[in-house]
Amino acid sequence: MYYGNGGDLIMPNILVVSSVAFLTGAPAVFGISLPTIGAMAGTIIGLAALLWFVSGGRPQAGLPPLLNGGAIAGFILLCALTGSWGWIPGM
């Protein structure tokens, strides 16, 4: 049986909620900006990688490199693809 604590669920989703609240002017699908969708997809991909490691008998500290890293990478990738850099001060 595999389980994670609350931080494994909450921390990556802080970026998702923050991008919904503060990212303006980005292209959107069904009212959700593409960088937000990238952060959600990155979190899920990071979770899949973490579960792959754990199911192979190699426990990992998954929050920093996999879950948070996936969320950040997905967000940055979709910001780059859509040119949504308005969240950076001075840009």
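Residues numbered from 1 in each chain as written. Predicted model: local features only at pLDDT ≥ 70, side-chain atom pairs only at ≥ 80, totals over all residues. Heavy atoms only, no water.

A. Representation of the overall build of the chain in the model. Check the secondary structure of the chain and you find 3 helices and 2 strands. For the chain, the spread of C-alpha atoms along the three principal axes comes to 45 × 25 × 25 Å. Counting the 91 residues in the chain, one finds 26% classified as buried. Pairs at least 24 residues apart make up 57% of the contacts formed inside the chain by residues separated by at least 6 positions. Carbon and sulfur atoms make up 74% of the accessible area of the chain, which amounts to about 5,800 Å² in all. (Helix = DSSP H or I, 4+ residues; strand = E, 2+ residues; numbered from the N terminus. Buried < 20%, exposed > 50% of the residue type's maximum accessible area, 1.4 Å probe, protein only. Contact = heavy atoms within 4.5 Å. Areas by Shrake-Rupley, 256 points an atom, 1.4 Å probe, with all protein chains shown as cover.)

B. Molecular detail of the side chain of Thr43. Mapped onto the fold, Thr43 is located in helix 2 (residues 34-55). For Thr43, the residues in contact, after removing those within four places along its chain, are Pro12, Leu67, Gly70 and Ala71.

C. Spotlight on the packing of helix 1 (residues 6-22) against helix 2. One way to put it is that helix 1 packs onto helix 2 with a least axis distance of 9 Å and a crossing angle of 170°. Relative to helix 2, helix 1 is oriented roughly antiparallel. Of the residues in helix 2, those in contact with Pro12, Leu15, Val16, Ser19 and Val20 of helix 1 are Thr36, Ala39, Met40 and Thr43. Here the residues of the contact of helix 1 with helix 2 are counted per class, giving 6 nonpolar, 3 polar and no charged. (Axes fitted to C-alpha atoms, helices over the stretch in contact; angles between N-to-C directions. Parallel < 35°, antiparallel > 145°, perpendicular 65-115°, else oblique. Nonpolar A, V, L, I, M, F, W, Y, C, P; charged D, E, K, R; others polar.)

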